Every structure is written in structure tokens, then in C-alpha cells.
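Structural overview
In case you want the letters, here they are:
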Amino acid sequence: GGDHPRIQKRMRVLEEQLSYWRKQLDEVPMVHSLPLDYARPEMKSHVGGTVSSQLSVALSERLQSLAQEHEVTLFMLLHAALGLVLSRHSNSEDIVIGTPVANRMQVELEPLIGFFVNTLVLRTDTGHETFDDYLAHVRQVNLDAQSHQDVPFEQLVEHCKIPRSVAHTPLFQVMFDMDTTMGGTNEVSIPGV
């Protein structure tokens, strides 16, 4: 029928995105290595903690300037900093966090999986020689994840055959989100982004 080429294109886009995630999540650690205050319960209770912080205008401006200098967004810069903190406390260079995203980017996949909030898995390697190299790596991880964000998180877990556990969430146990609506900071303009 007339829809056959469009269906094939949707399936190609979906397979390309799944292929990216299979490679990105190959041998991903199932649980973070952070030391815990208490033993992990046998069944997760969804009773967790939230750490919130509000940056002063002066600090925000200095961070924004640093982000512009390295051609990253403020989110990428703070993601990089969080990754280093987690790395130091966990004695691991393989850091996996989750972050919410608002919608899907590939118009070809709209009829297949629709528009709804999704969760991206950001896996970074903190073992870089210089801060510049590390920031460039974090930038690329974020850009790649954003460009492959159409696969719903649950489908990603199923497709990549990530083991399930009643004790912890799959793939990541730390989530990072940033709200820039209150502070009025401007987004960094990066060509092609």
C-alpha cells in the first residue's frame, strides 16, 4: 500500500536508534557503586531522597561563562560536575545517570510511539586526562542521547535485555534534572544544536 515506504522508514529510524543504545549500554553497570548509608532493601520502596539546590545569580553567571567558553550548555557543565562527584565517591569511572526529556524528535516515529515524557540514559567515562577532554566527552554523550531519544525507556530496557530487579531501578539509580525557567539564564547557542 501507499504507507509501505513510510513504515519501512519508521522501522529504519527505530532500528538505528536501538542500535545506538545497544552499543552505548553494552556491559553497563547495573547498579551504581556509591557507598550506601543503609543496606539496600530486597524490594525498592520508591521512598527516596531529593537533593535540590538553587544557584545564586553571580554563580550562575560564572558557570554560564564557563559553559560558553567550552561550548557546552549549562546542563552539560553541571552534568559533568555531578559525574565527577559520583565518580570520586563511588571509585568508578563508568557513571550512569538518568534525565527526563519532554518529547520525541523524529517525526517518522510519531505514529509508532507518540509524544510523551521519556527518560534518557547518560553514560559517561570520567577517566579523561584533562577537564577539556572530559567536557567534550560529556557534550557528545548528551548530544548523542538527545538525537536518539525517541525510544521509550521501557522499550529500551526490554530490547537491550537489561536484567530487572525488585531491589533497584534498571540502568540508573541517580536522576539529574535542571529547571532554568526561574533563573532567567539564557541557553548557550551551539551551531547545529
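Okay, helix α2 (residues 57-69) next. Taking 1.5 Å of rise per residue, 13 residues should cover 18 Å, and α2 covers 18 Å from first to last C-alpha, within 8% of that figure. Inspection of α2 places S60, L63, Q64 and A67 among the buried residues, and these make up the whole buried set. Viewed end-on, α2 has its buried residues packed into an arc of 105°, placing them on one side of the element. Among the exposed residues of α2, those pointing more than 90 degrees away from its buried face are E61, R62 and E69. In this structure, the buried residues of α2 make contact with α3 (74-90). Positive backbone phi, approximately 55°, marks E71, located one or two places after α2.

Further remarks concern the pairing of strand β1 (residues 94-101). With 6 of its 8 residues buried, β1 lies for the most part within the structure. One ladder, built from 8 bridges, connects β1 with strand β2 (residues 118-125); its direction is antiparallel. Following the sheet pairing, V96 is matched in β2 by R123.

Turning to the side chain of Q149, a few remarks are in order. With respect to the secondary-structure elements, Q149 resides in the loop between α5 (131-147) and α6 (153-159). A polar contact of 2.9 Å, which involves the side chain of Q149, links it to the side chain of Q146.

Chain-level statistics for the chain give a pLDDT mean of 84 and a share of 84% at 70 or above. Of the regions scoring below 50 in pLDDT, residues 182-187 engages in 7 contacts with residues more than four places distant in sequence or in other chains.

Okay, α3 next. With 17 residues, α3 extends 24 Å between its outermost C-alpha atoms, agreeing within 8% with the 24 Å of an ideal straight helix rising 1.5 Å per residue. Among the residues making up α3, those that are buried are L74, F75, M76, L77, H79, A80, G83, L86, S87 and S90. On its buried side, α3 packs onto α2, β1, β2 and α5. Backbone geometry just downstream of α3 places N91 in the positive-phi region, at approximately 55°.

A positive phi angle, close to 55°, is found at N91, a residue other than glycine. Following the sequence through the fold, N91 ends up in the loop between α3 and β1. Residue classification places N91 among the exposed positions, given a relative accessible area of 74%. In this structure, L171 is a non-glycine residue whose phi angle is positive, near 75°. The topology assignment puts L171 in the segment after α6. Under the relative-accessibility criterion, L171 is labelled buried at 1%.

A separate point is the pattern of salt bridges. Tallied over the full model, the rule gives 4 salt bridges. R164 is paired through a salt bridge with E154; the nearest N and O atoms lie 2.8 Å apart. Linking R164 in the segment after α6 with E154 in helix α6, this pair joins segments that are 10 residues apart in sequence. R164 sits in the partly exposed class, given a relative accessible area of 46%. Given a relative accessible area of 44%, E154 falls into the partly exposed group. The salt bridge partner of E158 is R164, with a shortest N-O separation of 3.1 Å. Residue classification places E158 among the exposed positions, given a relative accessible area of 51%. When salt bridges that share partners are traced, they join E154, E158 and R164 into one network.

Cut-offs applied
Residues numbered from 1 in each chain as written. Predicted model: local features only at pLDDT ≥ 70, side-chain atom pairs only at ≥ 80, totals over all residues. Heavy atoms only, no water. Helix = DSSP H or I, 4+ residues; strand = E, 2+ residues; numbered from the N terminus. Expected span 1.5 Å × (residues − 1). Buried < 20%, exposed > 50% of the residue type's maximum accessible area, 1.4 Å probe, protein only. Arc of directions from axis to C-beta. Contact = heavy atoms within 4.5 Å. Pairing = 2+ DSSP bridges. Polar contact = N/O pair within 3.5 Å; in protein donor to acceptor, adjacent residues only side chain to side chain. pLDDT = per-residue confidence, 0-100. Salt bridge = Lys/Arg side-chain N within 4 Å of Asp/Glu carboxyl O.

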